[in-house]
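Remarks on the overall topology
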Amino acid sequence: MATGRTHRPATRSRGIPEATVARLPLYLRALTALSERSVPTVSSEELAAAAGVNSAKLRKDFSYLGSYGTRGVGYDVEYLVYQISRELGLTQDWPVVIVGIGNLGAALANYGGFASRGFRVAALIDADPAMAGTPVAGMPVQHTDDLEKIISDNGVSIGVISTPAGAAQQVCERLVAAGVTSILNFAPTVLSVPDGVDVRKVDLSIELQILAFHEQRKAGEEAAADEAAAPVAAKQQRKGPDGDVPAVMPA
């Protein structure tokens, strides 16, 4: 089976915009769910709604793939699953190493979605000597002393970093020096990498802070709406059957 070392996805060479590439996994997830329900075709409106985008953007994205659908019929689900999977490089085996097997690293190792999406966890690596040989998700943890050999032996081009922030940059540099060209970073720090190395950062605390911002804004909008409604409500309460009730009733 081919490995990620010798085969790279063709999206950049074909000029597909990065924004479109970022949405392809959303379409693939929605299409896979349809495929599992044996749905043969889907309209652009239905698929766009399932993926959380608008249908015009979806049709534009699919035009980069050379897939336009059939008027009155829609898109062939199985063909689109194959087409997007091929474009994302998921029709081949991508060996992955996870470095840092703490709580988060162990959770990633136990995630069952990697294999079904074309990714094979080739090794689990940690700097703690006490972790060496400990089975996690059915695999023995290996020590970071062997990192370069592990990458070479398994033809790894994708590394996942789930170490503490202080260790992440050094791990990154070792991964890159060993031949890793794509990194998924869960450590709460910004990594410095040379040209030709892609980094995707996942920071759960930042995502929560963004949600907190939106919650605060919604609360502020609700408070403002309540304040705006208060004078109207007060005025309505002062109205009698014949109009406004005077502030001072006559004796």
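Residues numbered from 1 in each chain as written. Predicted model: local features only at pLDDT ≥ 70, side-chain atom pairs only at ≥ 80, totals over all residues. Heavy atoms only, no water.

Structural notes on helix α8 (residues 165-178)
Spanning 14 residues, α8 covers 21 Å between terminal C-alpha atoms, matching the ideal 20 Å at 1.5 Å per step. Inspection of α8 places A168, V171, C172 and L175 among the buried residues, and these make up the whole buried set. Buried residues along α8 cover an arc of 110° about the axis, so they all sit on one side. For α8, the exposed residues set more than 90 degrees away from the buried face come down to G166, Q170 and A177. (Helix = DSSP H or I, 4+ residues; strand = E, 2+ residues; numbered from the N terminus. Expected span 1.5 Å × (residues − 1). Buried < 20%, exposed > 50% of the residue type's maximum accessible area, 1.4 Å probe, protein only. Arc of directions from axis to C-beta.)

Observations concerning the pattern of salt bridges
Enumeration according to the criterion identifies 7 salt bridges in this entry. One salt bridge connects D93 with R120, and the closest N-O pair in it is separated by 3.2 Å. On the criterion of sequence distance, the pair formed by D93 in the loop between α4 (77-87) and β3 (94-99) and R120 in strand β4 (residues 119-126) is long-range, its members being 27 residues apart. Owing to a relative accessible area of 35%, R120 belongs among the partly exposed residues under this scheme. Across the pair E148 and R174 runs a salt bridge, and its minimum N-O distance is 2.9 Å. Taken together, the residues E148 in helix α7 (residues 147-154) and R174 in helix α8 connect sequence positions 26 residues apart. When its relative accessible area of 33% is taken as the criterion, E148 is described as partly exposed. Owing to a relative accessible area of 24%, R174 belongs among the partly exposed residues under this scheme. (Salt bridge = Lys/Arg side-chain N within 4 Å of Asp/Glu carboxyl O.)

Let's talk about the sheet that holds β4
Taken in spatial order, the 7 strands make up an open sheet running β5-β6-β4-β3-β7-β8-β9, and their pairing is mixed. Two strands bound the open sheet, and with one partner strand each, they are β5 (135-136) and β9 (198-201). Where β4 lies against strand β6 (residues 139-143), 3 bridges are found, and the strand directions are parallel. Within β6, the position partnered with D126 by the bridge is H143. Of the strands in this sheet, β3, β4 and β6 are in contact with α7, which crosses β4 at around 165°. (Pairing = 2+ DSSP bridges. Contact = heavy atoms within 4.5 Å. Axes fitted to C-alpha atoms, helices over the stretch in contact; angles between N-to-C directions.)

Digging into the packing of helix α1 (residues 18-36) against helix α3 (residues 55-65)
To describe two helices that pack against each other, one gives the angle between their axes and the distance between the axes. For the pair α1 and α3, interaxial distance at closest approach is 11 Å and the crossing angle is 105°. The angle between the axes of α1 and α3 places the two elements in the roughly perpendicular class. Counted together, T20, R23, L24 and Y27 of α1 and K57, L58, D61, F62, Y64 and L65 of α3 form the full contact between these two elements. Across the contact of α1 with α3, the residue classes tally to 6 nonpolar, 1 polar and 3 charged. (Parallel < 35°, antiparallel > 145°, perpendicular 65-115°, else oblique. Nonpolar A, V, L, I, M, F, W, Y, C, P; charged D, E, K, R; others polar.)

Thoughts on the packing of aromatic side chains
Enumeration according to the criterion identifies 3 aromatic pairs in this entry. Measuring from ring centre to ring centre gives 5.1 Å for Y27 and F62, while their planes differ by 75°; the resulting arrangement is edge-to-face. Of this pair, Y27 sits in helix α1 while F62 sits in helix α3, placing them 35 residues apart in sequence. Look at Y27 and you get buried, because its relative accessible area is 0%. With a centroid separation of 5.1 Å and 85° between ring planes, the pair formed by Y111 and F114 is classed as edge-to-face. Of the aromatic side chains, those joined through ring pairs into one cluster are Y27, F62 and Y75. (Phe/Tyr/Trp six-rings, centres within 6.5 Å; stacked < 30°, edge-to-face > 60°.)

Describing the nonpolar core
Y27, L31, V42, L47, L58, F62 and I84 are the most contacted members of the largest nonpolar core, which totals 22 residues. The set of elements that each furnish at least two residues to this core consists of α1, α2 (44-51), α3 and α4. It is α1 that contributes the most residues to this core, 7 residues altogether. Apart from residues lying up to four places away in sequence, Y27 is in contact with L47, A51, V53, K57, L58, D61, F62 and I84. Core analysis: the second largest hydrophobic core is formed by 19 residues, I150, I151, V180 and L191 among them. (Core = buried A, V, L, I, M, F, W, Y, C linked by side-chain atoms within 4.5 Å.)

Examining unusual backbone geometry
Phi at S38 takes a positive value of approximately 60°, unusual for a residue other than glycine. Secondary-structure assignment places S38 in the loop between α1 and β1 (41-42). A residue is classified by how much of its surface remains accessible, and S38, at 62% relative accessible area, is exposed. Even without being glycine, A137 reaches a positive phi, approximately 55°.

Brief notes about α2
Considered for burial, the residues of α2 that qualify are S44, L47, A48 and A51. Seen end-on, α2 carries its buried residues on one side only, within an arc spanning 100°. Exposed and oriented more than 90 degrees from the buried face of α2 are A49 and A50. Here the buried face of α2 lies against α1, β1, α3, β2 (75-76) and α4. One or two steps after α2, the chain reaches G52, where phi turns positive at roughly 80°.

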